[in-house]
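Close look at the chain arrangement
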Amino acid sequence: MTTTERPALGTMLREFDVLNPEHSDRKHEILAYARQHCPVSRTEANYGGFWILTRYDDIRRVLEDWETFSSTEASPAPSNLKMCPIHTDPPVQTHARDMLNPLLSRKALARFEPRMRAIAADLADAFADRGEVELLTEFAGPFSSQALVEIVLNDITPEQLAQAREISLRASEQPTPEVIGQLIAMSERFLDHARAHLDELPDGILRTIVTGPFGGQVPTPDEQLRILAILILGGLDTTRAAIGAIGYYLATNPGLELRLRDPRWIRRDLDEFLRLASPVGYMARVATRDTEVGGVAIAKGQRVMVRFDSANRDEAKFPNPDQLTFGATRPGHAAFGLGVHRCIGSNLARMQIEIALDELLRRVENLRPVPGARYEWTAGVGNSLRSVPLHFDRRA
Ligand code: HEM
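Basis of the calculations
- Residues numbered from 1 in each chain as written.
- Predicted model: local features only at pLDDT ≥ 70, side-chain atom pairs only at ≥ 80, totals over all residues.
- Heavy atoms only, no water.
- pLDDT = per-residue confidence, 0-100.
- Contact = heavy atoms within 4.5 Å.
- Pairing = 2+ DSSP bridges.
- Helix = DSSP H or I, 4+ residues; strand = E, 2+ residues; numbered from the N terminus.
- Axes fitted to C-alpha atoms, helices over the stretch in contact; angles between N-to-C directions.
- Near = heavy atom within 4 Å.
- Polar contact = N/O pair within 3.5 Å; in protein donor to acceptor, adjacent residues only side chain to side chain.
- Nonpolar A, V, L, I, M, F, W, Y, C, P; charged D, E, K, R; others polar.
- Buried < 20%, exposed > 50% of the residue type's maximum accessible area, 1.4 Å probe, protein only.

Side note on the confidence of the model for the protein
Looking at the protein, pLDDT values average 92 and 97% of them are 70 or higher. Below a pLDDT of 50 lies the segment residues 1-7, which in the model reaches six contacts outside its immediate sequence neighbourhood of four places, other chains included.

Next comes the structure, spelled out in C-alpha cells:
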C-alpha cells in the first residue's frame, strides 16, 4: 500500500457503504487498511450507522459476549421478520438450537446423501457435454436450493416441491422484499398443512418445528414461521456462493483441480476455501449497555457490524491472508461465525459442497475461466460472485 493510496482508503472507510459497488469492489483493501489503522471504525452510511469491527480478536470477543452484544438486531438491514434463532438471544436461542441441532448433525443428514447426489448428478449431466457452464445458475443455485428444500420440507407433493424449489431458487438469486414475502407465504402454507396433517407427517425438520419441544413447549405458529424461514433463507445464498467461489478458485489456480480429486480435500482444504471466500461477509449486533471494543467507547443501543470476512483475513491470525494456503494449520476461521450463533447448518453446508464438487469433477476436467469474462463480487451481506462462467473438457 503506498502513502498516496492511504487517504483514499481512509476516506472510503469513514464513509464505508455496504451497498456502494465501488466500496464493495475495494472492500478487502478498505478492511485491511482498517485493521492496520483504525480497527473499530464508525460509518453513518447504512441503516442508522455502525461501528465496523475488523480484527479477529475483537470480533471473537463480541460474538462470544451475547449478553453485551445482542443478536436481536443481527440483520444489518431493517427486517420485518425477526427470525429464530438468528435474531434472538439465549435462552430463546438455546431452545431453538436444542430443538434443531440433532436434526442437522452429520449422522442425521447421512440419510439424505443419496438424494443429494442424484440432484447434483442430474444437474451436472445436463451441461457436461457442452464444454461450458455458468456455475451459479446452472449448478450451485439449483443444487443448493433443491437439496435444502427437500431436507427441510421433506413431506411434500411433487407439485409443492417444484413450487418450493422455484421460490427458493429465486430467493437465492434475487432476495428482493417481494421474493422474501413469497418465501414467507410459502413457509406459512407448509406449516398450516403440517399442523393439519400431523398424523401423517414423517419424522424430520418440519415435524419437529410444529411439535417441539421448544423450551419444553410446542412452538407457537409465529415461532414456527420464524424458525422455518431462517432455515430456508440461511441455507440458500450461502452454500450457493461457496460452491461458486470454489469453482472459480479451481478454474483460476492451476493444480488445484488435482488436489480436489483426492477425497481428503474436504478435511484438509475446505476450511481454507471457506476462510478466503467468507460467503457471509458480516452480521450485526446491538450493545445492551455502554461498553468498549478495542479501546473505542460503544454506547448502549449502538450497533456493531461484525465482519466475518475481515476476521478471516486478519494477518495477525492468518499469515498471507489473501492467498489460499493449504497444508498449513489455519484453525478457527470465522466463515460460519463464532460463539453461540455459530452456523447451525455447517454440517449440511459441508456435505452439500462435498457432494456438488465430487459430482462435478466426476464429469468434467480442466476447468478454466472463459476468456474475456468478468468475475465480479456482489455488494451487500453475502460475498458471492455475480456469475461464474467456466469452460472445461468432458471427462472420459
Ligand atoms: C457455506 C455455507 C454457510 C455459511 C458460510 C454460513 C454462515 C453463517 C454464519 C456466519 C452464521 C452466524 C450468524 C451470526 O453470528 O449472526 C450462520 C448462522 C446460521 N446459519 Fe449458516 N451458513 C451456511 C450454511 C447454512 C445452511 C445450509 C443452513 C440451513 C440449515 C444455515 C442456517 C443457519 C442458521 C439457522 C443460523 C443461525 C444460528 C443461530 O442463530 O444460532 N446456514 N451461518
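Section: the sheet that holds strand β10 (residues 389-394)
Across the sheet, three strands lie side by side as β4-β10-β9; this open sheet has antiparallel pairing. At either margin of the open sheet sits one strand with a lone partner, and together these are β4 (132-134) and β9 (364-369). Pairs of neighbouring strands in the sheet enclose a mean axial angle of 30 degrees, with direction left out of account. Pairing between β4 and β10: three bridges, direction antiparallel. Considered in β10, the bridge of Glu134 is made with Pro389.

With respect to the site of the ligand
Residues in close proximity to the ligand total 25 residues, the closest being Gln93, Arg97, Arg285, His341 and Cys343. Take Gly234: an N or O atom from its main chain is 3.3 Å from a nitrogen atom of the ligand. With respect to the ligand, the side chain of His341 contributes an N or O atom lying 2.6 Å from an oxygen atom. Each residue belonging to the shell around the ligand can be placed in one class, and the counts come to 15 nonpolar, eight polar and two charged.

A look at unusual backbone geometry
Each neighbour pair has its own omega, and for Cys84 with Pro85 the value is 15 degrees, a cis peptide bond. Here the residue pair Gly212 and Pro213 is connected by a cis peptide bond, since its omega of 5 degrees sits within 30 degrees of zero. Its location among the elements puts Pro213 in the loop between α11 (205-211) and α12 (221-234). One non-glycine residue, Tyr47, lies in positive phi territory at about 45 degrees. Along the polypeptide, Tyr47 turns up in the loop between β1 (40-43) and β2 (50-53). By relative accessible area, Tyr47 is classed as partly exposed at 34%. Residue Ser278 is not a glycine yet carries a positive backbone phi of 40 degrees.

Let's talk about the sheet that holds strand β8 (residues 303-307)
The strand order across the open sheet built from five strands is β1-β2-β8-β5-β3, with neighbouring strands paired in mixed fashion. Of all the strands in the sheet, the pair left with one neighbour each is β1 and β3 (69-70). Relative to strand β5 (residues 282-287), β3 runs antiparallel, the two being bridged by two bridges. From the neighbouring strand, Ser70 faces β5, where its bridge partner is Val286. In this fold helix α4 (residues 56-64) packs onto β1, β2, β3, β5 and β8, with an angle of close to 120 degrees to the strand it touches most, β8.

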